Amino acid sequence: MAFMEKPPAGKVLLDDTVPLTAAIEASQSLQSHTIVRRYSDFDLLNNSLQIAGLSLPLPPKKLIGNMDREFIAERQKGLQNYLNVITTNHILSNCELVKKFLDPNNYSANYTEIALQQVSMFFRSEPKWEVVEPLKDIGWRIRKKYFLMKIKNQPKERLVLSWADLGPDKYLSDKDFQCLIKLLPSCLHPYIYRVTFATANESSALLIRMFNDKGTLKDLIYKAKPKDPFLKKYCNPKKIQGLELQQIKTYGRQILEVLKFLHDKGFPYGHLHASNVMLDGDTCRLLDLENSLLGLPSFYRSYFSQFRKINTLESVDVHCFGHLLYEMTYGRPPDSVPVDSFPPAPSMAVVAVLESTLSCEACKNGMPTVSRLLQMPLFSDVLLTTSEKPQFKIPTKLKEALRIAKECIEKRLIEEQKQIYQHRRLTRAQSHHGSEEERKKRKILARKKSKRSAVENSEEHSAKYSNSNNSGSGASSPLTSPSSPTPPSTAAALGLSKRCKEGKDGRFTSSTSASASTSTTSSSLASCEPRGAYTAPAPGCERCEPRGLTQLHPEFPKGNLEESRNL
């Protein structure tokens, strides 16, 4: 694609700082994908990462018996551990080799060739520049490439050209974006590294700065050579040693001053780390102001995206300053963030600043402002001597465009933090639900529930059986008129059996159940019984003595009783 050619429609702008996790078994992530890798692929990756100088736990090879079940299971555990070590290392997890290994669909392009094509197209319109050599992998970004340059009429001077693709936080219009990129050479500040030339199109930007042999602040801390690859310089330093207290105070004050200047101008930054601070004698100068205009993600994004209180670019800069101060003090980055306890420092004033930016309380409650940090004892007594007057004029229209872009960047950060928080809660719930203790509790509850259901079913079955017996007895009893009790001989002739039962009101009633041979007779007799009639007491019942109807109902007249007997 030519340098001034527009990017293809629908191009996805990826955030390269999104951490990748890998599992040999099926992943539970909603955005997961499956890749097939042989052991030889792992071995090739491991050989490529040897430049980092780290001892990575890749399982050894085995020529005989490498298809045994036990060996395959053991190797699977070893490869899982190997991936865990790589993905938890902040520098390794962001390098192009690991990204291509774990996500080949999104990282299959050769970005060095793309950058060379873009730079070649640029030099057609600017013939005074000439490429000396590519500076391969001196930075950590996958889509940002560096070249050593020279001017044809000044062959001894060396410059650095940086080319970068657009990122997911690019919210400026193409016109505003190009205007702001071309404004960067006019930015003059004693603590900002000067841009010699800058240009941009709709898909990328190209900037040229002077090459510094001393390198960056990170090169000073790690005693590294500026032209070496990023993995070789910073993954496994040979000697870990922090800076002196006076250097920490001076460099820290200079960095805070330039951050305050950018915040006052309304210019978003959010990309502070030791590799973006150039050393010029005893002066620190900030690099890569174009990153926020390009929409590139921050080096420490995977850290501050975990904390919902760090949701503005100002608070992001303060949190990143805490990382930088820790690295200057101890000569290495923190093992994890938030930091529970800090090692001994050259001064307690240093620890006070670190606690205000990296501690659990700070990450939970929010970051202090840059002005508040400048008032702390570590920096308040530092005297800065500079004669250069800061100058950076931004038109009002572009200031409004920057403000809107800054709000969009912060909105995306807040949405990402919300998703991470919800995913963390879901993972914690799944982990708790799948623990051995919870499984035992669920088994005990299931057993209790099954026992309770069995008891309830048994009681319900007994009740239904009892009701069916009662209803069956009542249906087959030949009910008689209260005025004509059935004589024993008649009942015997009909083959009826008799039972005496006590009613709910304390009365004893007689129910009859017919045998199979007399079921039709019983039904016909029952159908002739008047509704609401009283059932006569069964003769010969042991529990109740035979009584007349007048004994049950004293108000019943005797005359009617005689008439009914005659009938």
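Residues numbered from 1 in each chain as written. Predicted model: local features only at pLDDT ≥ 70, side-chain atom pairs only at ≥ 80, totals over all residues. Heavy atoms only, no water.

- Per an unreviewed UniProt entry, the protein chain carries the name PX domain-containing protein kinase-like protein isoform X21 and comes from Zalophus californianus.
- The Subcellular location (unreviewed entry) comment attached to the protein chain in UniProt states, word for word, "Cytoplasm". (UniProt positions renumbered as here; feature names shortened; annotations may be inferred.)

1. Regarding the overall build of the protein chain
Consideration 1: Helices and strands together make up the secondary structure of the protein chain, namely 22 helices and 9 strands.
Consideration 2: Out of the 567 residues in the protein chain, the part that is buried amounts to 43%.
Consideration 3: Contacts in the protein chain between residues at least 24 apart in sequence constitute 68% of all its contacts with a sequence separation of at least 6.
Consideration 4: Surface summary for the protein chain: the accessible area is close to 32,100 Å², and the carbon and sulfur share equals 52%. (Helix = DSSP H or I, 4+ residues; strand = E, 2+ residues; numbered from the N terminus. Buried < 20%, exposed > 50% of the residue type's maximum accessible area, 1.4 Å probe, protein only. Contact = heavy atoms within 4.5 Å. Areas by Shrake-Rupley, 256 points an atom, 1.4 Å probe, with all protein chains shown as cover.)

2. A word on unusual backbone geometry
Consideration 1: Of note, the amide linkage connecting Val337 to Pro338 takes the cis form, showing an omega dihedral of 5°.
Consideration 2: Backbone geometry places Lys223, a non-glycine residue, at a positive phi of 55°.
Consideration 3: Mapped onto the secondary structure, Lys223 falls in the loop between helix H7 (217-222) and helix H8 (230-234).
Consideration 4: Positive phi is not limited to glycine here, since Asp288 has a value of about 60°.
Consideration 5: Looking at the element boundaries, Asp288 is found in the loop between strand S7 (283-286) and helix H10 (290-294).

3. A word on empty space enclosed by the protein
Consideration 1: In the structure shown here, the tally under the stated rule is 5 cavities of 30 Å³ or more.
Consideration 2: Considering only enclosed or pocket space, the largest cavity measures out at about 490 Å³ in volume.
Consideration 3: Ile138, Tyr146, Thr216, Ser275 and Leu287 are the residues nearest the centre of the largest cavity, which is lined by 29 residues in total.
Consideration 4: Grouping the constituent residues of the lining of the largest cavity by class yields 13 nonpolar, 9 polar and 7 charged.
Consideration 5: Its volume calculated, the second largest cavity comes out at about 130 Å³.
Consideration 6: If you list the elements that add at least two residues to the lining of the second largest cavity, you get H10, helix H11 (301-304), helix H12 (313-330) and helix H17 (396-433).
Consideration 7: Residue composition of the lining of the second largest cavity, grouped by class: 9 nonpolar, 6 polar and 2 charged. (1 Å grid on protein atoms, 1.4 Å probe; cavity = no way out; pocket = protein on both sides within 12 Å on 5 of 7 lines; lining within 4 Å. Points joined across faces, edges and corners; volume = space filled by probe spheres on them. Nonpolar A, V, L, I, M, F, W, Y, C, P; charged D, E, K, R; others polar.)

4. As for the environment of Ser173
Consideration 1: Inspection of the secondary structure puts Ser173 in the loop between strand S3 (154-165) and helix H6 (174-183).
Consideration 2: For Ser173, a relative accessible area of 37% corresponds to the partly exposed category.

5. Focus: the confidence of the model for the protein chain
The predicted structure's coordinates, where accompanied by low pLDDT, should not be read in detail.
Consideration 1: Per-residue pLDDT for the protein chain averages 80, and the proportion of residues at 70 or more is 77%.
Consideration 2: Between residues 24-30, whose pLDDT stays under 50, and residues either more than four places distant or in other chains, the model counts 6 contacts.
Consideration 3: The model gives residues 474-567 a pLDDT under 50, and that stretch makes 77 contacts with residues more than four places away or in other chains. (pLDDT = per-residue confidence, 0-100.)

6. Thoughts on the pattern of salt bridges
Consideration 1: Going through the model one piece at a time under the given rule, you end up with 23 salt bridges.
Consideration 2: Two residues, Arg301 and Asp169, come together in a salt bridge whose shortest N-O distance is 3.9 Å. Pair noted here: Arg301 is in helix H11 and Asp169 is in the loop between S3 and H6, with a separation of 132 residues, a long-range link.
Consideration 3: The shortest N-O distance in the salt bridge between Arg403 and Glu407 comes to 2.7 Å. On the criterion of helical spacing, the pair formed by Arg403 and Glu407 is a turn pair, its members being 4 residues apart in helix H17.
Consideration 4: Taking the relative accessible area as the measure of exposure, Arg403 reaches 38% and is therefore partly exposed.
Consideration 5: Residue class for Glu407 comes out partly exposed when judged on its relative accessible area of 42%.
Consideration 6: Members of the salt-bridge network, linked through shared partners, are Lys144, Arg209, Asp288 and Glu290. (Salt bridge = Lys/Arg side-chain N within 4 Å of Asp/Glu carboxyl O.)

7. Looking at helix H9 (residues 245-265)
Turn by turn, an α-helix covers 3.6 residues, leaving residues three or four places apart pointing in a common direction.
Consideration 1: Taking 1.5 Å of rise per residue, 21 residues should cover 30 Å, and H9 covers 31 Å from first to last C-alpha, within 8% of that figure.
Consideration 2: Two residues or fewer past H9, Gly266 is found with a positive phi of approximately 75°. (Expected span 1.5 Å × (residues − 1).)

8. Re a positive patch on the surface
Consideration 1: On the surface, a cluster of positive charge is contributed by Arg439, Lys440, Arg442, Lys443, Arg447 and Lys451.
Consideration 2: Classification of Lys440 by relative accessible area gives exposed; the value is 51%. (Patch = residues over 30% accessible without salt bridge, like charges linked within 9 Å, V, L, I, M, F, W, Y side chains within 5 Å. Lys, Arg positive; Asp, Glu negative; His and termini not counted. Charge placed at Lys NZ, Arg CZ, Asp CG, Glu CD.)

9. Some remarks on the packing of aromatic side chains
Consideration 1: Counted under the stated rule, the structure contains 14 aromatic pairs.
Consideration 2: Ring centres of Trp140 and Phe299 lie 5.0 Å apart, and the angle between their planes is 65°; on these two criteria the pair is classed as edge-to-face. Highlighted residues: Trp140 in the loop between strand S1 (129-135) and strand S2 (144-151) and Phe299 in the loop between H10 and H11, separated in sequence by 159 residues. Phe299 matches Trp140 in its accessibility class, with the two residues each being buried.
Consideration 3: Between the aromatic rings of Tyr300 and Tyr303, the centroid separation amounts to 6.0 Å while the plane-to-plane angle is 65°, which identifies the pairing as edge-to-face.
Consideration 4: Looking at Tyr300, the relative accessible area reads 4%, which means it is buried.
Consideration 5: Pairwise contacts between aromatic rings join Phe122, Phe123, Trp129 and Phe197 into one cluster.
Consideration 6: Its end group placed over the ring of Tyr234, Lys218 keeps NZ or CZ at 5.2 Å from the ring centre.
Consideration 7: Lying over the aromatic face of Tyr421, Arg308 brings its terminal NZ or CZ to 4.6 Å of the ring centre. (Phe/Tyr/Trp six-rings, centres within 6.5 Å; stacked < 30°, edge-to-face > 60°. Lys NZ or Arg CZ within 6 Å of the ring centre and 35° of its normal.)

10. With respect to the layout of surface pockets
Consideration 1: Within this model, the second largest pocket holds a volume of roughly 590 Å³.
Consideration 2: Around the second largest pocket sit 27 residues that line it, and Glu96, Leu97, Lys136, Asp137 and Lys145 are the ones nearest its centre.
Consideration 3: Mapped onto the lining of the second largest pocket, the elements with two or more residues apiece are helix H4 (96-102), helix H5 (111-125), S1, S2 and H8.
Consideration 4: Sort the elements by how many residues they give to the lining of the second largest pocket and S2 lands first, with 4 residues.

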